[in-house]
Amino acid sequence: ISVASPSADLDRSASGGAEPPGPSLTFSAVRSSEGTADPAVAWSRQFAQVVAEILAGARSPRQIAPWTTERVRDRIILLTQTLSPGHKPRIRRIVTSRPAALVVEMTVVLSFGPRSRALALRIEQLPGRRPAPGLPARPARWLCTEIEIG
């Protein structure tokens with residue numbers, strides 16, 4: 001999948017400590033206008049790239065299972081079947097916002113051949129879990145809780 005410079009502010013050499021565990025979904029830290037890195041936004045942008053690759057058929061939706069709700073996975077599977085079959089999506093633009101400290105919302109503008117569509121995603125940080133009898137510890141992680149297309 002090709003990316004038309006959706007994030008000119010990415011610092012490819014930096015990495016943050018907020019990367020969730022599991023299969024490799026790496027990211028680079030994004031620098032805000034104040035010059036500070038926001039690893040949550042960077043991770044969200046990388047997540048958007050992975051979603052675009054799934055819509056293109058280059059990845060399996062199962063690869064993002066650790067970072068999505070069942071409802072979001074079902075919606076992505078439906079989108080892969082209905083969005084311009086035969087056209088690979090290309091990311092045109094990503095706009096992110098932080099409505100709360102543990103939430104990233106973004107709009108991803110994708111082109112499918114001659115048509116463009118917008119995806120809206122909401123990603124929330126879940127707190128970690130301490131070990132309990134019969135349950136291992138779980139570090140904090142990001143989870144995509146909503147996806148809509150317009």
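Residues numbered from 1 in each chain as written. Predicted model: local features only at pLDDT ≥ 70, side-chain atom pairs only at ≥ 80, totals over all residues. Heavy atoms only, no water.

Novice: So what's going on with the pattern of salt bridges? Residues and values would help.
Specialist: For the structure on display, the rule yields 6 salt bridges. In this structure, the salt-bridge partner of glutamate 148 is arginine 71, at a minimum N-O distance of 3.9 Å. Placement of the pair is glutamate 148 in strand E6 (residues 141–149) and arginine 71 in helix H2 (residues 70–82), with a sequence separation of 77 residues. Classification of arginine 71 as exposed rests on a relative accessible area of 52%. For arginine 122, the salt bridge goes to glutamate 124, with nearest N and O atoms at 2.8 Å. Sharing partners across several salt bridges, the network here consists of Arg71, Glu146 and Glu148. (Salt bridge = Lys/Arg side-chain N within 4 Å of Asp/Glu carboxyl O. Helix = DSSP H or I, 4+ residues; strand = E, 2+ residues; numbered from the N terminus. Buried < 20%, exposed > 50% of the residue type's maximum accessible area, 1.4 Å probe, protein only.)

Novice: Could you give an account of the sheet that holds strand E5 (residues 115–126), with specific residues and numbers?
Specialist: Spatially, 4 strands are ordered E3-E4-E5-E6 in an open sheet, and the strand pairing comes out antiparallel. The open sheet terminates on both sides in strands that have one partner only, identified here as strand E3 (89–100) and E6. On average, each strand axis in the sheet is inclined to that of its neighbour by 25°, with strand direction left out of account. Bridge count between E5 and E6: 8 bridges; the pairing is antiparallel. The residue of E6 that forms the bridge with isoleucine 123 is cysteine 144. With respect to the sheet, helix H1 (residues 39–55) is in contact with E3, strand E4 (103–112), E5 and E6, its orientation differing from that of E3 by roughly 145°. Of the strands in this sheet, E5 and E6 are in contact with H2, which crosses E6 at around 45°. (Pairing = 2+ DSSP bridges. Axes fitted to C-alpha atoms, helices over the stretch in contact; angles between N-to-C directions. Contact = heavy atoms within 4.5 Å.)

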